[in-house]
Amino acid sequence: MPTSSASTTDASAKPTAASGGVQSLERAFDLLERMADSGGEVGLSELSAASGLPLPTIHRLMRTLVACGYVRQQPNRRYSLGPRLIRLGESASRLLGTWARPYLARLVEETGETANMALLDGDEIVYVAQVPSKHSMRMFTEVGRRVLPHSTGVGKALLAHTPADEVRALLARTGMPAATEKTITTPEGFLEALEQVRKSGYAVDDNEQEIGVRCLAVSVPNSPTAAAISISGPAGRVTEAVAESFVPILQGVAAELSVALQSQSPA
């Protein structure tokens with residue numbers, strides 16, 4: 001069993017006055033979050049600059065996280081997120097999908113179309129929950145499927161309020177391949193689409209991931225982890241005209257789901 005250098009005799013392990021929590025745990029999770037925000041790999045000096053913590057404190061915490069398997073030290077001396085986080089993330093995603101299913105079922109009931117929930121995982125969109133439409137002609141997006149954000153409504157909804165330079169960096173990493181002839185394949189075009197999402201309050205995938213399929217999506221406000229929900233169906237049913245009635249339903253369900261997810265998180 002690895003011995004943690006952040007022991008209870010260390011000042012960093014004492015309960016914090018503000019939260020009643022253990023300061024070393026709060027700091028360790030903050031460092032993990034910052035690593036994820038930075039793409040999963042950082043150096044100690046970058047973490048120190050971002051967190052405001054002194055290098056010796058960060059080094060002690062990272063050494064403990066490495067010993068436990070939650071962080072790996074690379075040959076170049078930088079640190080990356082470790083494999084033990086994968087199991088935690090997969091379990092959390094499944095649980096999140098379970099919580100979301102009743103809300104997605106309501107979407108199906110009120111719109112008649114397939115309802116999905118998706119998260120941004122690194123540079124990809126991952127679908128974590130789905131309730132299929134009762135129509136004989138319906139869309140199936142398997143839970144666990146991964147796609148690139150630029151060709152999806154949920155991707156646009158999730159990235160709509162991300163700074164433009166971060167969006168450009170993500171698009172540079174993914175390469176923006178075309179899934180169909182209608183896929184947006186330039187950063188300028190995608191940034192214009194995100195501006196439209198901010199103006200209208202919802203995102204559209206208009207035959208961009210699959211020809212014949214149209215999708216409407218909104219983000220889940222104030223979700224503990226960035227999430228979006230959508231309805232998708234044949235382009236002949238999910239038209240611009242029905243968007244006027246479907247979008248308020250999507251937004252209402254997203255707001256209720258947000259409250260439910262926040263109630264599952266500690267105050």
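Here the structure is a predicted model, which means the values were calculated and not measured. (Residues numbered from 1 in each chain as written. Predicted model: local features only at pLDDT ≥ 70, side-chain atom pairs only at ≥ 80, totals over all residues. Heavy atoms only, no water.)

1. Quick word on a negative patch on the surface
1) Next: A surface patch of negative charge is lined by Glu33, Asp37, Asp165 and Glu166.
2) Next: Counting residues per element, the ones that place at least two in the negative patch are helix H1 (23-37) and helix H6 (164-174).
3) Next: Its location among the elements puts Asp37 in helix H1. (Patch = residues over 30% accessible without salt bridge, like charges linked within 9 Å, V, L, I, M, F, W, Y side chains within 5 Å. Areas by Shrake-Rupley, 256 points an atom, 1.4 Å probe, with all protein chains shown as cover. Salt bridge = Lys/Arg side-chain N within 4 Å of Asp/Glu carboxyl O. Lys, Arg positive; Asp, Glu negative; His and termini not counted. Charge placed at Lys NZ, Arg CZ, Asp CG, Glu CD. Helix = DSSP H or I, 4+ residues; strand = E, 2+ residues; numbered from the N terminus.)

2. Regarding the confidence of the model for the chain
1) Next: Per-residue pLDDT for the chain averages 83, and the proportion of residues at 70 or more is 83%.
2) Next: Mean pLDDT values for the elements of the chain range from 78 in helix H4 (residues 84-111) up to 97 in helix H7 (residues 187-200). (pLDDT = per-residue confidence, 0-100.)

3. Some words on the sheet that holds strand S8 (residues 213-219)
1) Next: Read across the sheet, 6 strands follow the order S6-S5-S4-S9-S8-S7 without closing on themselves; strand pairing throughout is antiparallel. In this open sheet, the two strands that pair with only one neighbour each are strand S6 (146-147) and strand S7 (203-206).
2) Next: Pairing of S8 with strand S9 (residues 227-234), which is carried by 7 bridges, proceeds in the antiparallel orientation. Bridging from a neighbouring strand, Val218 pairs with Ile229 of S9.
3) Next: Each of strand S4 (114-121), S8 and S9 touches helix H8 (residues 240-263); the most contacted strand, S8, lies at about 40 degrees to it. (Pairing = 2+ DSSP bridges. Contact = heavy atoms within 4.5 Å. Axes fitted to C-alpha atoms, helices over the stretch in contact; angles between N-to-C directions.)

4. Considering the environment of Arg60
1) Next: Note that Arg60 resides in helix H3 (residues 55-68).
2) Next: Remark: the alpha-carbon pair of Arg60 and Ala28, spanning 32 residues in sequence, is separated by 9.8 Å.

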